[in-house]
Protein chains: 2
Amino acid sequence: MTTNATAASDLYDFTEPFKAPQGSAIRELFKYLARPGMISFAGGYPSKDLFDRAGIRRAMEEAYRADPIACLQYGDTAGAPALRRAIVRLMNDRSVAREIDDLIVTTGSQQGLDLLIKILVAPGDAVLIEEPAYPAAIQALRLAGAKLIPVRTDTQGIDVDALTEQLEALDPAVRPKLLYTVPTFANPTGTTLPVERREALARLAMRFRFVLIEDDPYGELRFTGDPVKPIIALADAIPGARDWVVYFGSLSKIVAPGLRIGWSIASPAITRRMLVAKQTSDLCTSPLAQETARFYLESGRLAEHVPVIVQAYKKRYEALSSALRQFVPDDIEYVVPQGGMFVWARLKGDRLAADVLKRAIEQNVIYVPGPAFYVHNADESSMRLSFAAAPGEAEVFEGVRRLKLALASR
Amino acid sequence: MTTNATAASDLYDFTEPFKAPQGSAIRELFKYLARPGMISFAGGYPSKDLFDRAGIRRAMEEAYRADPIACLQYGDTAGAPALRRAIVRLMNDRSVAREIDDLIVTTGSQQGLDLLIKILVAPGDAVLIEEPAYPAAIQALRLAGAKLIPVRTDTQGIDVDALTEQLEALDPAVRPKLLYTVPTFANPTGTTLPVERREALARLAMRFRFVLIEDDPYGELRFTGDPVKPIIALADAIPGARDWVVYFGSLSKIVAPGLRIGWSIASPAITRRMLVAKQTSDLCTSPLAQETARFYLESGRLAEHVPVIVQAYKKRYEALSSALRQFVPDDIEYVVPQGGMFVWARLKGDRLAADVLKRAIEQNVIYVPGPAFYVHNADESSMRLSFAAAPGEAEVFEGVRRLKLALASR
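Predicted model only: the values in this text are computed from it and were never measured. (Residues numbered from 1 in each chain as written. Chains lettered and ligands numbered in written order. Predicted model: local features only at pLDDT ≥ 70, side-chain atom pairs only at ≥ 80, totals over all residues. Heavy atoms only, no water.)

Draft legend 1. Just the UniProt feature "domain: Aminotransferase class I/classII large" (unreviewed entry) in chain A, in detail. With numbering aligned to this structure, UniProt lists the feature "domain: Aminotransferase class I/classII large" (unreviewed entry) at residues 58–403 of chain A. Measuring from the first to the last C-alpha atom of residues 58–403 of chain A gives 41 Å, for a span that is 44% helix and 17% strand. (UniProt positions renumbered as here; feature names shortened; annotations may be inferred. Helix = DSSP H or I, 4+ residues; strand = E, 2+ residues; numbered from the N terminus.)

Right, here's the structure in full:
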């Protein structure tokens, strides 16, 4: 860098609508992950011990042997037809009746959100988002310049009555374009929206004309209770509702994130526009990854493998809840999940999760303080505990024992 | 769809700044590719016959064997450090001296452009773009609501003197944020910007404070003439210019597009912001594809394989130019490329490329009419002829013979 010239970094007027990007608090924690002996409840990653390594390797090798060109050349922007057919079958098992033309293969379901934002959200547009929410959704919407309107949740997800009042009270000039929710085993709260609320939400989307995003990466990971149909499936029975729901699915939590294979299901009008946006985003999702995913899904191993993941997560959850009751019954309360990867907890006595985290790090245990998941008025006593990535029940107990020590060292 | 309710597709006020997306003319041609006996000069794809199938398969298998978790789990948003190191070495060979922290692995270089647009371009912002230009760049900028200002090119790429006058004459309130160019073996023109113009362009970027995008997917594919350093390398010798240049590289044309591995090289200020945008776009590029790319680059096979591709493209280009001189010397003139995949041609006598295409399709040969590459006032007699994907010299001759028949059938 010279002194007589002006550097781009100094003078450029970057479009940067956020000052402190959400998610930075989470990223800040990454540096502790590598510390010897650290026990992490912080990660949003699936358990690396539960990947079907042999099955995926075989799928990859078979895909390459069957058609190396299909793996190596550019592919359809919408995704390989054979993979889309396999995903349609998977969605049929989830009661979702759609055709391959309604479906786009995305580079992880994160890209589905990105594409939908690209075609729908202009700077200043209002967007509804459940709160607390998945941080990368908050971040993506902020980067697009959206005006975020938080939507209240309780232990069953979005409070639809409160949302209805909120929408009725809105200035008619402020028409929200989207509502973002993870209705099943939410991140970070682990909550699941009951069927009546799902139907009411679909009706609200139609009535107030916003696109309802159903982000569903965890839906298969149910370890207790009865399955609830996805909103997009329920919408079929509500005249006019179907086109207002956009569903995002993913192989990241049931096969492997490293493939970066997600999908969107949407109306033809939305799908057509998302395809144009996809073309400009990455032309197509890696055909090598797509063909691997296709052969894996066609192998039928997923139906056997998902229960393996679910049983392991169930045990880890039970270890966590048992340890919380044993070690910190007077310090931490939490919401009971029916599946997924997360427990949403709260420090009693209004202690700050960020303060306790400092002492937890000294004890070699970490979690994510709740404020990372809020748009505005964060509950600073809240925290997300991930049980998915814990290597075993013994580590979970040890982690909570350390939390107890951290809490005691105030 | 019911009749008593309002469908999202009917009423939704989609943000769609373009009426007829660029690239649709190209996509329209895809349906003819499958026709038996069709000879295509239309594709922008690399030749599928020239993929190093065995080498890539070995890299993929070795990567998976070495560390399946690294292939299957989420990875760094910036890209795997080992892959970034391998790309830094590749860039050193292109005279570009940068560190891995200056480099982000992107899901194809298309994503690099997408990320840069996300952090820099707000609706209504002015953006300079060479004309004719890569259609997916035009499309990406249009989708972001950019006001496109075409920049004149000649047989050596951007006419920098004309650009200087253009910038000096601009209303100071209209400050272009970006300039997009493919300076080496451009798509669609095949032209290469001389070193003096490269340096002048870097100086202009600094003087008028726009970010200069050097998109370089074809740079290694030189079959004649002396190499010219990338603009980002030349900028190091121009005080203050370095931070204004952003370079996009790609493995799509030298290894395989199916990996979707590209990269950006930029200043720390821009890279930091692009990383936030990347996080919201797809979290990370497929680690499976990244690890495969890493092991391939580390195998050293690329240095032996690029000359194989270059020699094949050289022969195909020579066949095309020879056939054009033999069959249609009075009908088609063209710009001589020194490398890459494309010949930019023009129908003499102001005949329309789109009209001739209809007759060409009847003769079982296709190309892309020039208007697909223009922002505004298209040269409707121009056309892009790709010689890369032609399977052999005999097909090239036969294709041009058919073009002659199409031209004769007016």
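Draft legend 2. Highlighting the interface of chain B and chain A. Listed per partner, the contact involves 84 residues of chain B and 84 residues of chain A. For the chain B and chain A pair, buried surface summed over both sides reaches about 7,300 Å², with 65% attributable to carbon and sulfur atoms. On inspection of chain B and its partner chain A, the count reaches two salt bridges. Residues K118 of chain A and D114 of chain B are paired through a salt bridge, measuring 2.5 Å at the closest nitrogen-oxygen approach. (Contact = heavy atoms within 4.5 Å. Buried area = accessible area lost by both parts, 1.4 Å probe. Salt bridge = Lys/Arg side-chain N within 4 Å of Asp/Glu carboxyl O.)

Draft legend 3. Inspection of the domain arrangement of chain A at higher detail. Residue and element names in this part refer to chain A. Once the domains are mapped, chain A shows domain 1 (20–50 + 304–408) and domain 2 (53–299). Relative to domain 2, the C-alpha centre of domain 1 lies at a distance of 26 Å. Listed as interface residues are 29 residues of domain 1 and, on the opposing side, 31 residues of domain 2. Roughly 2,700 Å² is buried in total at the junction of domain 1 and domain 2, and carbon and sulfur atoms are behind 67% of that figure. The interface formed by domain 1 and domain 2 holds nine residue pairs in polar contact (both at pLDDT 80 or more) in total. Every element with two or more residues in the side of domain 1 that touches domain 2 is listed here: helix 13 (301–327) and strand 11 (342–347). Per element, the largest residue contribution to the side of domain 1 that touches domain 2 is seven residues, and it comes from helix 13. (Domains from an automatic or database assignment. Polar contact = N/O pair within 3.5 Å; in protein donor to acceptor, adjacent residues only side chain to side chain.)

Draft legend 4. Quick look at the sheet that holds strand 7 (residues 211–215) of chain B. Residues and elements named next belong to chain B. Strand order in the open sheet formed by eight strands is 2-9-8-7-6-3-4-5, with mixed pairing between adjacent strands. The sheet is open, and its two borders are formed by strand 2 (103–107) and strand 5 (157–158), each paired with just one other strand. When strand 2 meets strand 9 (residues 261–265), the two strands line up antiparallel, connected through five bridges. Among the inter-strand pairings, I104 is bridged to a residue of strand 9, identified as S264. The sheet contacts of helix 8 (residues 160–169) involve strand 3 (126–131), strand 4 (147–154), strand 5 and strand 6 (178–181), and relative to strand 4 the element is tilted by about 150 degrees. (Pairing = 2+ DSSP bridges. Axes fitted to C-alpha atoms, helices over the stretch in contact; angles between N-to-C directions.)

Draft legend 5. Here's a closer look at unusual backbone geometry. Omega for the peptide link from E131 of chain B to P132 of chain B comes to 0 degrees, which places this bond in the cis form. Tracing the sequence through the fold places P132 of chain B in the loop between strand 3 and helix 7 (135–143). With omega at 10 degrees, the peptide bond leading from N187 of chain B into P188 of chain B counts as cis. Despite not being glycine, L283 of chain A has its phi angle at roughly 65 degrees, a positive value. Mapped onto the fold, L283 of chain A is located in the loop between helix 11 (268–282) and helix 12 (287–299). Here L283 of chain A falls in the buried class, since its relative accessible area comes to 14%. Positive phi outside glycine occurs at N364 of chain B, with the angle close to 65 degrees. Among the secondary structure elements, N364 of chain B is positioned in the loop between helix 14 (353–362) and strand 12 (365–366). Here N364 of chain B falls in the buried class, since its relative accessible area comes to 17%. (Buried < 20%, exposed > 50% of the residue type's maximum accessible area, 1.4 Å probe, protein only.)

Draft legend 6. Representation of the packing of aromatic side chains within the structure. Inspection of the entire model under this criterion finds 16 aromatic pairs over all chains. Ring centres 5.0 Å apart and planes at 45 degrees place the aromatic pair Y45 of chain A and Y74 of chain B in the tilted group. With one member in each of two chains, Y45 of chain A in the loop between strand 1 (39–40) and helix 3 (53–66) and Y74 of chain B in the loop between helix 4 (68–72) and helix 5 (81–93) form a pair that bridges those chains. Through a chain of ring-to-ring contacts, three or more aromatic side chains come together here, namely F223, Y317 and F387 of chain A. (Phe/Tyr/Trp six-rings, centres within 6.5 Å; stacked < 30°, edge-to-face > 60°.)

Draft legend 7. How the structure looks around helix 14 of chain B. Residue and element names in this part refer to chain B. By the burial criterion, the buried members of helix 14 are A353, V356, L357, A360 and I361. Mapping the buried residues of helix 14 onto a view down its axis gives an arc of 145 degrees, with all of them on the same face. Exposed residues lying more than 90 degrees from the buried face of helix 14 are K358 and E362. N364 lies just past helix 14 and shows a positive phi near 65 degrees. (Arc of directions from axis to C-beta.)

Draft legend 8. A look at the pattern of salt bridges. Inspection of every chain in the model, using the stated rule, returns 44 salt bridges over all chains. A salt bridge links R207 of chain A to E168 of chain A; the shortest N-O distance between them is 2.9 Å. Placement of the pair is R207 of chain A in helix 9 (residues 195–208) and E168 of chain A in helix 8 (residues 160–169), with a sequence separation of 39 residues. Accessibility expressed as a relative area gives 47% for E168 of chain A, which makes it partly exposed. Residue R152 of chain B is joined to D159 of chain B by a salt bridge in which the shortest nitrogen-to-oxygen separation is 3.0 Å. On the basis of relative accessible area, R152 of chain B is assigned to the exposed category, the value being 57%. Overall, D159 of chain B belongs to the buried group, its relative accessible area being 15%. Salt bridges linked by common partners bring D114 and K118 of chain A together with D114 and K118 of chain B together as one network.

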